Amino acid sequence: MVRGTHHPDTAPRAQTRGLAPHDEDMTMTTVDPNFTETAAREARRARLFTRINVADKWFQVLGLSWITPLLKACAGDNPQAQVKEIWRLLAVPLLAIFAFLLLWGTLAPKVQTSLGAVPGPVQVWEEVVNLHQDAQAKAAKREKFEAMVEKRNRRLIDAGRADEVKSVAYTGAPSFYYQIWISIKTVFFGFLIATVVAVPLGIAAGLSPIANAALNPLIQIFKPVSPLAWLPIVTMVVSALSASQGGWFEKSFLISAITVTLCSLWPTLINTALGVASIDKDLVNVSKVLKMNTWTKITKLVLPSALPLIFTGLRLSLGVGWMVLIAAEMLAQNPGLGKFVWDEFQNGSSSSLAKIMVAVVTIGIIGFMLDRVMFALQSLFTFTNNR
């Protein structure tokens, strides 16, 4: 009978068909001798790319974002696409800088001034070397002077004449590096005062329509005022106060710092007010339901929500302050980069133009570094990509 016919291979086939797909994969996988090695390699690769992505945030902060595609290309992640990124982020800026230097070197000798031809990149670099050597010589001279004063005072003490011991200030000419330090110290002092004034006022303007209405006309009036207009007023006020009360700071330092404050507080004030006013209304309603007091509301709700825009204002303020400082130092004679530029302009020597250009490049590089510092702080304290 046909129905009773027995096929010997029916049972094995049925058993084979009964295996689930994942059972077959597991059987084949466990047989594969390279499975463990492949999995470990993929895990290492994943960890490597995780580290590269984490480092990329700090490369962007430092202005070194071209390192990321370079590392990814070395790790084997789509080399063709990474080469395009390296070209865009590294090669194009370098070519632009090279083209600028070439154009500068070509056109500079053709421009004649009362001090001779405009110096090119080579002459400017020579002045960089000269200023570095001059700074080293002045530092050695200062150390020698301080050692002589210390030796004299020690001799007086040994002779029992301690009452004649006195500290003698070094009055030699400041080095280029010292003038850079004075400018950085001055701008941060003025920027700190501006921040202390602007952030609370901005919070008040953002929370209260009445405060906003009161501050808005003052902001619109004083924001466009040039530092050169503020400087005579600040000079007279600081001179009057220092004459009557004395002080801890040099008069020229205070004049420059306060001028920086008056010109740089407005971006922080405006952005703080905008950030506070832009807080989600649902969060404000939650604070009312929880019956938060004013201090808790500001520290727990307002500041965290407005911090991205506050940092945007701080970055703008620091950039404005650094730009204003140079003009303020020229007129206030604060011994910083502004005074260095003014002195070289008044000096009128054959190397003055090259030294002024060194100062200009230095001012630009320091301005970039200050912005990167604020960007790094913004990256640490905020979690937004809108920067």
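Shown above is the structure to which this text applies.
A few points on the structure. (Residues numbered from 1 in each chain as written. Predicted model: local features only at pLDDT ≥ 70, side-chain atom pairs only at ≥ 80, totals over all residues. Heavy atoms only, no water.)

1. A short note on the side chain of Ser175
Examined against the element boundaries, Ser175 turns out to sit in the loop between helix H6 (121-158) and helix H7 (176-207). Each residue touching Ser175, except ones within four places of it in the same chain, is listed here: Ala135 and Lys138. (Helix = DSSP H or I, 4+ residues; strand = E, 2+ residues; numbered from the N terminus. Contact = heavy atoms within 4.5 Å.)

2. A short note on the pattern of salt bridges
Tallying each qualifying case throughout the model produces seven salt bridges. The residue Glu150 makes a salt bridge to Arg154 at a minimum N-O spacing of 3.6 Å. Here the residue Glu150 and the residue Arg154 both occupy positions in helix H6, the gap between them amounting to four residues, near one helical turn. Note that Asp371 is salt-bridged to Arg315, the shortest N-O span being 3.1 Å. Placement of the pair is Asp371 in helix H14 (residues 352-381) and Arg315 in helix H12 (residues 294-332), with a sequence separation of 56 residues. Residue Asp371 is classed as partly exposed on the basis of its relative accessible area, which comes to 24%. (Salt bridge = Lys/Arg side-chain N within 4 Å of Asp/Glu carboxyl O. Buried < 20%, exposed > 50% of the residue type's maximum accessible area, 1.4 Å probe, protein only.)

3. Regarding a nonpolar patch on the surface
On the surface, a cluster of nonpolar side chains totalling about 470 Å² of accessible area is made up of Trp58, Val373, Leu377, Leu380 and Phe381. Looking at the nonpolar patch, the element that brings in the most residues is H14, giving four residues. Mapping Leu380 onto the fold places it in helix H14. (Patch = residues over 30% accessible without salt bridge, like charges linked within 9 Å, V, L, I, M, F, W, Y side chains within 5 Å. Areas by Shrake-Rupley, 256 points an atom, 1.4 Å probe, with all protein chains shown as cover.)

4. Some words on the packing of aromatic side chains
Applying the stated rule across the entire model yields 10 aromatic pairs. Ring plane angle 25° and centroid distance 5.5 Å describe the contact between Phe249 and Phe253, whose orientation is recorded as stacked. Taken together, the aromatic side chains of Phe176, Tyr177 and Phe340 make up a single cluster linked through ring pairs. Positioned over the ring face of Phe253 is Lys185, at 6.0 Å from the centre of the ring. (Phe/Tyr/Trp six-rings, centres within 6.5 Å; stacked < 30°, edge-to-face > 60°. Lys NZ or Arg CZ within 6 Å of the ring centre and 35° of its normal.)

5. Remarks on unusual backbone geometry
Not every positive phi belongs to a glycine, and Lys291 is a case in point at roughly 55°. Take Lys291: it is sitting in the loop between helix H11 (281-289) and H12. You will see that Gln333, though not glycine, has its phi angle at about 60°, which is positive. Tracing the backbone through its elements, the reader meets Gln333 in the loop between H12 and helix H13 (337-347). A relative accessible area of 33% means that Gln333 is categorised as partly exposed.

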